[in-house]
Amino acid sequence: MTTNLNTTTEQPFPIVWDNNRISIYHFLLPYQNADKLPEIAETLPDESLDNNEFKWADGAMDGVINHHGASTEQNCAENMLMLLQQITIQPNQSNIEQLYNLVTTERTLSFIDDLAEAIPNIDVDVDFDKLYEFVYWLAINSPDREIIKFSIAILGCFTTEQTELFMLFGMHNEFSLYSAIALENTLSFENDIENTLMKLAQKVDGWGRIQIVERLTNYPLSSASKDWLLRAGYQNSIMNEYLAYTCAVAGELDKVLEQESIDNELISSIGEILEALINGGPAEDIYCYDVGAQICANYLTHLLKQPNLVDLNILRTVKLIHNFVAEEVDENTPNWQEQIKDEIIEKANQFIQQDKWLELIEENLTANNENQFSLAAELYSQYGFDAWPARFEYQKKYNGDQWNDLMQSDSISRIQQVIQLANQQYDFAKLATGPTLDDGFGEDDAHYILLLILQELNRFPEVGEDLLLIALKSPLIRHRTMALNAIKTWDRSLWSDNIKTAIQELVIIEPDDEIKEDLTALIAEMND
């Protein structure tokens, strides 16, 4: 389908939104030549300002629906098609408003395939130039994200190239999927599609990266594209597991590992891919990879050729491979014969047992870098040593984020030390502002740290009463629920007067029905 649209001539269509709102196109336009959108541009101008409202990450709703299934709305598509036909004949405020409201109240992904398929096959006279002009006008002027998705998808039904427009919108994770499809539909040559999708994929790192790379790998790829998939293409801010298998297969990882040598950057990135494949999750994993066993063996062969390698991340990868093969793979696992399993375990042990590793781990236990320290502490534990004292000292010295690991101890004295340190580093008393129906996680670090501590206190009767009393007055439902869960584990004879009073006072003002029911039951026990 072609159009003779002259984009320099603006057609007057009735505006059916608040004209004081900035269009998403003009909001993104200043970043057209940027490598990536700055953080300030990631929040679209139509974002809800209600902090209590659940919000999907950019592109997440469409990403989850696209990966895990969704219902289609054929009736919705039919209604939209009828309105579009009417608008091309005689655009008026009523028809445009109906269409606009319909699009903004539906999930675009639920109807757009049916609508896009129907548009080229309309069996009545339609002015396609007018249709294109209208939808292009929406894309440039609308301040609402669902309208932008709708517009990109419809523009992608035509053969007119709008690469710059699609690239601009595609820089935002919310629109990456729609832009990628539109680019595939409007670019004429596979080589152009590959290069353009590659360029766009490098501009995003969330759901947009996932969706673009999945589409990119449907095409014949150059050696440069395959190399990028293995070095960086799999990386995303959601889960590397979404793209690890896709990039390993399309990037021909098996052939790369058959080479005589590979550079350290590639060794590191392949390690991350293998970790994601073994960890598994929402996409294909190591069990789906026919050559997974040979990949692991060949990777270990390359590592053993480099005695000067001192990367703890790679050590973690090797230990994961070793434990996976030794503990998870059995005789029923396809393509994992005993011979190659033994080879992998032997090579992994050679790598793990090198003398340099423990010394390097201990060095990093004194590092003032949270990621570096946490990795070293994790590995220190895997070598059979107690990392708790090092974690405690790090938290005490640097006020880091070791709370969850510190609370995994079974020692009452250690838990008491953690609570004492937490009280020194955070003013929890300020959180006791009274109960509300807030089911979130709070607005600052203190809310989160208190949550991490509370969720473990049910294992330690009589410990942390001061924090439990604060939690009972917290605005967060989670805090109050966890505090009650801990108190329930205490022998009733150990309940202090402060605990009893707090329960009696809370039941009067508690707004959550389930918590109020728990409180009522506890008061009944006190009165028995």
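Each value, and the rule that gives it
Counting restarts for each chain, with residues numbered from 1 along the sequence as it is written. Only residues with pLDDT of 70 or above have their local features reported here, since the model is predicted, and side-chain atom pairs are shown and tallied only from 80 upward, although totals for entire chains, interfaces and linings are computed over all residues. Hydrogen atoms and water are omitted, and side-chain values are computed over all heavy atoms in the structure. By the criteria applied, helices consist of DSSP H or I runs no shorter than four residues and strands consist of E runs no shorter than two, each listed in order from the N terminus. Only the stretch in contact is used when fitting a helix axis, every axis being a line fitted to C-alpha atoms; angles between N-to-C directions are given from 0 to 180 degrees. Crossings are assigned a handedness: left-handed for a near helix turned anticlockwise from the far helix by less than a right angle, right-handed for a clockwise turn. Throughout, a contact is declared for two residues whenever any of their heavy atoms are within 4.5 Å. Under this grouping Gly is polar, as are all residues other than the nonpolar Ala, Val, Leu, Ile, Met, Phe, Trp, Tyr, Cys and Pro and the charged Asp, Glu, Lys and Arg. Here, the term disulfide refers to a pair of cysteine sulfur atoms separated by no more than 2.5 Å. The buried label applies to any residue whose accessible area, calculated with a 1.4 Å probe on protein chains only, is under 20% of its type's maximum; exposed applies above 50%, and partly exposed to all values in between. Polar contact is the term for a pair of N or O atoms within 3.5 Å; when the atoms are in protein, one must be able to donate a hydrogen and the other to accept it, and sequence-neighboring residues count only if both atoms are side-chain atoms.

1. Some points on the environment of Asn-19
- Mapped onto the secondary structure, Asn-19 falls in the segment before α1 (24–28).
- In the structure, Asn-19 is positioned 123 residues away from Ser-142 in sequence and 9.2 Å away in space, judged by C-alpha atoms.

2. Here's the deal with the packing of helix α16 (residues 292–304) against helix α17 (residues 312–327)
- At a minimum axis separation of 12 Å, α16 and α17 run at an interaxial angle of 140 degrees. Judged by the sense of rotation from one axis to the other, the crossing of α16 with α17 is left-handed. Contacts from Cys-296, Tyr-299, Leu-300 and Leu-303 of α16 reach α17 at Ile-314, Thr-317, Val-318 and Ile-321.
- For the contact of α16 with α17, the per-class residue count stands at 7 nonpolar, 1 polar and no charged.

3. Re the state of the cysteines
- Counted by the stated rule, this structure contains 0 disulfides.
- Cysteine Cys-247 shares no disulfide, and the gap to the nearest cysteine sulfur, in Cys-288, comes to 15 Å.
- Exposure remark for Cys-247: the relative accessible area of 0% places this residue in the buried category.
- This cysteine, Cys-288, is not joined by any disulfide, and Cys-296 carries the nearest cysteine sulfur, 14 Å off.
- Judged by its relative accessible area of 36%, Cys-288 falls in the partly exposed class.

4. Regarding the side chain of Ser-179
- Structurally, Ser-179 is set in helix α9 (residues 176–186).
- Judged by its relative accessible area of 0%, Ser-179 falls in the buried class.
- Of the polar contacts made by the side chain of Ser-179, one reaches the backbone nitrogen of Gly-170; its length is 3.2 Å.
- Residues within four places of Ser-179 in sequence aside, it is in contact with Ile-152, Phe-166, Phe-169, Gly-170 and Leu-200.

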